[in-house]
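# Coordinate analysis (summary)
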Amino acid sequence: RDKFHEAAGELVDLAVDRGTIVTVTSRRELGERLSTNRRFTPGDVDALLGFFALVPRKRWDAAPRGFQSRDWLPWKYRRRLSLVARPLVLFGSDADSPLLYGVNQLAMSTSYLLDGIGNASLPNEFFTSAEMQRYRGSVAETRGHAFEEEVAAELRRIGWQSRTSVQMPSIDAPAELGDVDVVAWHPGDPRLLLIECKRLQTARGLGEIVERLNQFRGDSKDRLGRHLRRHEWIQANLTSVVHRLSITSGIERTVPVLVVNADVPMQFQQGLPLPPEYILPLHRVAERLVPEKG
């Protein structure tokens, strides 16, 4: 991140020296300035351009090696081959090849990338190094746990008792089933709520809505399917699970629930293995999860 800030600063300084908003330089000139003013090595310069420069490709409508179609399709968001993600345009591979950038675009891209790194909203494929992938994973995990605690706190506020991150082996279930984000119960209510918590980005456009729906069809490998397999195992072993969790109220059945951070298209989709009334944003928890009487 420090190198990125240094590079952005040098690009702004170059634009100020030229008195231009849209600046044309070359790979050689930028490399020399970064070396002299920012102590960049040739490897640092190559890494900068490799990650932040758009370069010519044989076909505009095909993904080059290491990329996917979603990285260039104009109607997709969070594309790796876009001017937002790569604010430098490099016209060739020679040292004197022209390099063009706009100061406003550079500022917008810097904000977009740093925010995306900070909140783990950029796809994992944005990062090529193991270190950055681990960092993104740790941020996503931290924010995910924080959201689980937020859901559990909201349930406790309306009278439910709850536990977070219940590991399936702790209730004698197979380890490959993972964990239940939040388990909740209420005195006198016959239901045991098994809640999957998901922090999802708002779907922007029809394409992202379809893509989001495809992630939650309930198939064996998708996000909803894994949650439903945990639910099936717990339902089949309910007496033992209730004992393991030290729940004394009369639990008769389990209910799988999906709680998300914002309104999502799955709430309105018919035919999912999870009823729409059990797919709800956090702000609807108090309204939808009203305790029942046994």
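Each remark here, short or long, concerns the structure printed above.
Sequence positions are assigned chain by chain, starting from 1 and proceeding in written order. Only residues with pLDDT of 70 or above have their local features reported here, since the model is predicted, and side-chain atom pairs are shown and tallied only from 80 upward, although totals for entire chains, interfaces and linings are computed over all residues. Only hydrogens and water are set aside when side-chain values are computed; all heavy atoms of the structure are taken into account.

## Details of the nonpolar core
Soluble globular proteins tend to pack their nonpolar side chains together in the buried interior. Put simply, the test is: Residue types Ala, Val, Leu, Ile, Met, Phe, Trp, Tyr and Cys, when buried and joined through side-chain atoms within 4.5 Å, form a set referred to as a nonpolar core. Throughout this description, buried means an accessible area under 20% of the type-specific maximum (1.4 Å probe, protein chains only), exposed means over 50%, and partly exposed covers the range between. Under the scheme used here, helices are H or I runs from DSSP no shorter than 4 residues and strands are E runs no shorter than 2 residues, and both carry numbers assigned from the N terminus.
In terms of nonpolar packing, the biggest core is built from 25 residues, with Leu30, Leu34, Leu49, Leu88, Leu99 and Tyr101 touching the most fellow members. Mapped onto this core, the elements with two or more residues apiece are helix H1 (2–18), helix H2 (27–38), helix H3 (42–52), strand E3 (88–90), strand E4 (98–102) and helix H4 (103–118). If one sorts the elements of this core by residue count, H1 sits on top with five residues. Judged by nonpolar contacts, the second largest core, of 24 residues, contains Phe147, Leu155, Leu258 and Ile279.

## Some details on the pairing of E4
Convention followed: Two strands form a pair only when DSSP identifies at least two bridges running between them.
When strand E1 (residues 22–26) meets E4, the two strands line up antiparallel, connected through five bridges. Bridging across to E4, threonine 23 finds its partner in tyrosine 101. Both E3 and E4 contribute to a ladder of two bridges, which runs antiparallel. Opposite valine 89, over in E4, you have leucine 100 as the bridge partner.

## Concerning the packing of H1 against H4
Note the threshold: Fitted lines through C-alpha atoms give the axes, limited to the stretch in contact for helices. The angle between two N-to-C directions lies from 0 to 180 degrees. To sort the angles, those under 35 degrees are grouped as roughly parallel, those over 145 as roughly antiparallel, those from 65 to 115 as roughly perpendicular, and the leftovers as oblique. Working rule for contacts: check all heavy atoms of both residues, and any pair within 4.5 Å makes them a contact. Under the scheme applied, nonpolar residues are Ala, Val, Leu, Ile, Met, Phe, Trp, Tyr, Cys and Pro; charged residues are Asp, Glu, Lys and Arg; polar residues are all the others, including Gly.
It is the contact of H1 with H4, at a shortest axis distance of 11 Å, that shows an interaxial angle of 170°. Classed by the angle they form, the pair H1 and H4 counts as roughly antiparallel. Packed against H1, whose contacting residues are Phe4, His5, Ala8, Leu11, Val12 and Ala15, the element H4 presents Val103, Leu106, Thr110, Leu113 and Leu114 at the interface. Here the residues of the contact of H1 with H4 sort into nine nonpolar, two polar and no charged.

## Some points on the sheet that holds strand E2 (residues 53–54)
Read across the sheet, four strands follow the order E1-E4-E3-E2 without closing on themselves; strand pairing throughout is mixed. The open sheet has two free edges, formed respectively by E1 and E2, since each of these has just one partner strand. Against the sheet, H2 contacts E1, E3 and E4, and its axis sits at roughly 90° relative to E1.

## Quick notes on H2
Using the following cut-off: Working rule for helices: expected span equals 1.5 Å times residues minus one. Think of it as the arc spanned by the lines of direction from the helix axis to the C-beta atoms.
Taking 1.5 Å per residue as the helical rise, H2 with its twelve residues ought to reach 16 Å, and the 15 Å between its terminal C-alpha atoms agrees with that figure. Regarding H2, the residues found buried are Leu30, Gly31, Arg33 and Leu34. One side of H2 carries all its buried residues, which in axial view fall inside an arc of 165°. Contact partners of the buried residues in H2: H1, E1, H3 and E4. One or two positions beyond H2, positive phi appears at arginine 39, with a value near 60°.

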